[in-house]
Amino acid sequence: MTITQFRTTPETAHPTLRDAVTGLPSYVPGRRSAGVDIAALASNESHYEPLPAAIAAVTTAAGAMNRYPDTAAVELRERLATHLGVTAGEIAVGPGSVGVLQQIITGLCDAGDDVIFAWRSFEAYPILVELAGARPVRIPLDAAEGHDLDAMAAAVTDRTKVILLCTPNNPTGVPISHERIEAFLQSVRSDILVVIDEAYVEYAEAGSGPDSLALYREYPNVCILRTFSKAYGLAGLRVGYAVAAPAIAEGLRRTALPFAVSALAQKAAIASLDAGGEMEARVGAVKQERARMAAQLEAQGWTLQASQGNFLWIRADEHLMASLVDAFDHAGIMVRAYQGDGVRITVASPASNDRVLQVFEAHAA
Ligand code: PMP
């Protein structure tokens, strides 16, 4: 007797992916031309190498890669707790803040639940929501490229489980003020988790965005999301975290893929926190460059909102976008183009920023 005798389906039947998966966009790898001096300004990475202390920590820890990491990330969570003035029980770590966000959405949403977020915002939001079987509710940005919190509050239904607020917003760079978020929190149900995604918070001018920890203390349905990928320069190591009420943070830790945050990432994150002053000096240089670029672009005639991230956003229609993308391609500069909306360019070293300014100058009216 062979196994085929047990088959009850026709030979042509085959495994199928869920509709939510077939509907997802395919990953398009960025161009990495060998031998050309490509400026990689499409992913909002830090152009600095990791902090020396982080490199040293990783080098020392490398010899223990035969071991699994501490899946509870106790040491890192305790270090973060001291840094933030919360307890380790209120912290969940994950492989990048996008990993933590996936834990948040799968931990809170059943199929058919709503997750509200502004659009445009971080590309991963709708993908993670759809993957979880939940429903993405996109609320268009306001005329000043910021979150339309009134419209977001009005979109709340019985099915709303999570609201994502991105400040400063990727890709527009516009922050949400403390007062506006506080008023929003007063107006939405306290059983909705309001995630404040602060991936770029270190680059924001003091007072431009919320004091998210103060909001968290006052509103236990707030969850703060942060990362070591941007200002700390550890994008390739994958480590981010959430601060949330103990019961939520505990749930996030339970939904985590075991051992997803490597020991190298945990050690590097701790060393980076210890070297926070050096990180701040680098961030200061990026902020200066951001101001220099914004001023020059405005002088060239471009319209832009004050960005609080390590990137600039230029709104562009299809026509302008096509010619800008072409010009950046020719100049060997990788930027992020959002069809029909605009172009986002990471602020990096003065030399690559100058190359960006030259491309824009050649395009100025
Ligand atoms: N949130 C926002 C707003 C982002 O722009 C990004 C990265 N582009 C992330 C989260 C995720 O970053 P990571 O997973 O590297 O922490």
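None of the values given here were measured: they were computed from a predicted structure.

A. Region of the structure containing the overall build of the protein. Of the regular secondary structure elements, the protein holds 13 helices and 12 strands. Relative to the globule expectation of 21 Å for 365 residues, the C-alpha radius of gyration of the protein, 22 Å, shows essentially globular dimensions. Principal-axis analysis of the C-alpha atoms places the extent of the protein at approximately 75 × 55 × 50 Å. In the protein, which comprises 365 residues, the proportion classed as buried is 49%. Sequence separation of 24 or more characterises 73% of the internal contacts of the protein that already satisfy a separation of 6 or more. Carbon and sulfur atoms make up 55% of the accessible area of the protein, which amounts to about 17,200 Å² in all.

B. Structural context of the packing of aromatic side chains. On inspection of all chains with the given rule, the structure shows 10 aromatic pairs. Note on W313 and Y338: the rings are 5.7 Å apart at their centroids and 65° apart in plane angle, and the pair reads as edge-to-face. Here W313 is found in strand 9 (residues 311–315), whereas its partner Y338 is found in strand 11 (residues 336–338), with 25 residues between them in sequence. A relative accessible area of 4% means that W313 is categorised as buried. By the ring-pair criterion, three or more aromatic residues cluster together here, those being F117, W119, F122 and Y125. Lying over the aromatic face of W119, R138 brings its terminal NZ or CZ to 5.3 Å of the ring centre.

C. Expanded view of the layout of surface pockets. Quantified by volume, the second largest pocket comes out at close to 520 Å³. Around the second largest pocket sit 27 residues that line it, and E198, V201, E202, A204 and R226 are the ones nearest its centre. Looking at the lining of the second largest pocket, the elements with two or more residues in it are helix 8 (212–218), strand 7 (222–227) and helix 11 (276–299). With 5 residues, helix 11 is the single largest residue contributor to the lining of the second largest pocket. Taken together, the residues of the lining of the second largest pocket break down into 12 nonpolar, 8 polar and 7 charged. Two domains share the lining of the second largest pocket, each providing at least three of its residues, namely domain 1 (28–44 + 277–364) and domain 2 (63–274).

D. Representation of the site of the ligand in the model. S97, D197, Y200, T227 and S229 are the nearest of the 13 residues found near the ligand. Between the ligand and D197, the relevant distance is 2.7 Å, taken from a nitrogen atom to a side-chain nitrogen or oxygen of the residue. Within the side chain of K230, one N or O atom sits 3.2 Å away from a nitrogen atom of the ligand. In terms of residue count, helix 4 (residues 96–108) provides more of the shell around the ligand than any other element does, 3 residues in total. The class makeup of the residues in the shell around the ligand is 5 nonpolar, 5 polar and 3 charged.

E. Layout of the sheet that holds strand 9. Taken in spatial order, the 3 strands of this open sheet run 9-12-11, and their pairing is antiparallel. A single partner strand is all that each edge strand has here, and the edge strands are strand 9 and strand 11. Averaged over all pairs of adjacent strands, the angle between their axes in this sheet comes to 20°, without regard to strand direction. Note: strand 9 against strand 12 (residues 342–346), 5 bridges, orientation antiparallel. Note on strand 12: the bridge partner recorded for L312 is I345.

F. Region of the structure containing the pattern of salt bridges. Following the criterion strictly, the structure yields 19 salt bridges and no others. Between E205 and K287 there is a salt bridge, with the nearest N and O atoms lying 3.7 Å from each other. Of this pair, E205 sits in the loop between strand 6 (193–197) and helix 8 while K287 is found in helix 11, placing the two residues 82 residues apart along the sequence. The class of E205 is partly exposed, set by a relative accessible area of 39%. Taken together, the salt bridges that share partners define one network made up of R120, E123, E145, R315, R336 and D341.

G. View of the state of the cysteines. As enumerated under the stated definition, the model contains 0 disulfides in all. Considering cysteine sulfurs only, C223 is the nearest to C166, which forms no disulfide, with 13 Å between them. With relative accessibility at 3%, the residue C166 sits in the buried group.

H. Representation of the packing of helix 11 against helix 13 (residues 350–363) in the model. Contact geometry of helix 11 with helix 13 gives a least axis separation of 11 Å together with a crossing angle of 15°. Judged on the interaxial angle alone, helix 13 and helix 11 are roughly parallel. The two elements helix 11 and helix 13 cross, and the hand of that crossing is right-handed. Contacts between helix 11 and helix 13 involve E289, R292, M293, Q296 and L297 on the former and, on the latter, P350, N353, D354, V356, L357 and F360.

Rules of the game
- Residues numbered from 1 in each chain as written.
- Predicted model: local features only at pLDDT ≥ 70, side-chain atom pairs only at ≥ 80, totals over all residues.
- Heavy atoms only, no water.
- Helix = DSSP H or I, 4+ residues; strand = E, 2+ residues; numbered from the N terminus.
- Rg over C-alpha atoms; globule rule 2.2 N^0.38 Å.
- Buried < 20%, exposed > 50% of the residue type's maximum accessible area, 1.4 Å probe, protein only.
- Contact = heavy atoms within 4.5 Å.
- Areas by Shrake-Rupley, 256 points an atom, 1.4 Å probe, with all protein chains shown as cover.
- Phe/Tyr/Trp six-rings, centres within 6.5 Å; stacked < 30°, edge-to-face > 60°.
- Lys NZ or Arg CZ within 6 Å of the ring centre and 35° of its normal.
- 1 Å grid on protein atoms, 1.4 Å probe; cavity = no way out; pocket = protein on both sides within 12 Å on 5 of 7 lines; lining within 4 Å.
- Points joined across faces, edges and corners; volume = space filled by probe spheres on them.
- Nonpolar A, V, L, I, M, F, W, Y, C, P; charged D, E, K, R; others polar.
- Domains from an automatic or database assignment.
- Near = heavy atom within 4 Å.
- Polar contact = N/O pair within 3.5 Å; in protein donor to acceptor, adjacent residues only side chain to side chain.
- Pairing = 2+ DSSP bridges.
- Axes fitted to C-alpha atoms, helices over the stretch in contact; angles between N-to-C directions.
- Salt bridge = Lys/Arg side-chain N within 4 Å of Asp/Glu carboxyl O.
- Disulfide = S-S within 2.5 Å.
- Parallel < 35°, antiparallel > 145°, perpendicular 65-115°, else oblique.
- Left-handed = near helix turned anticlockwise from the far one by under 90°.

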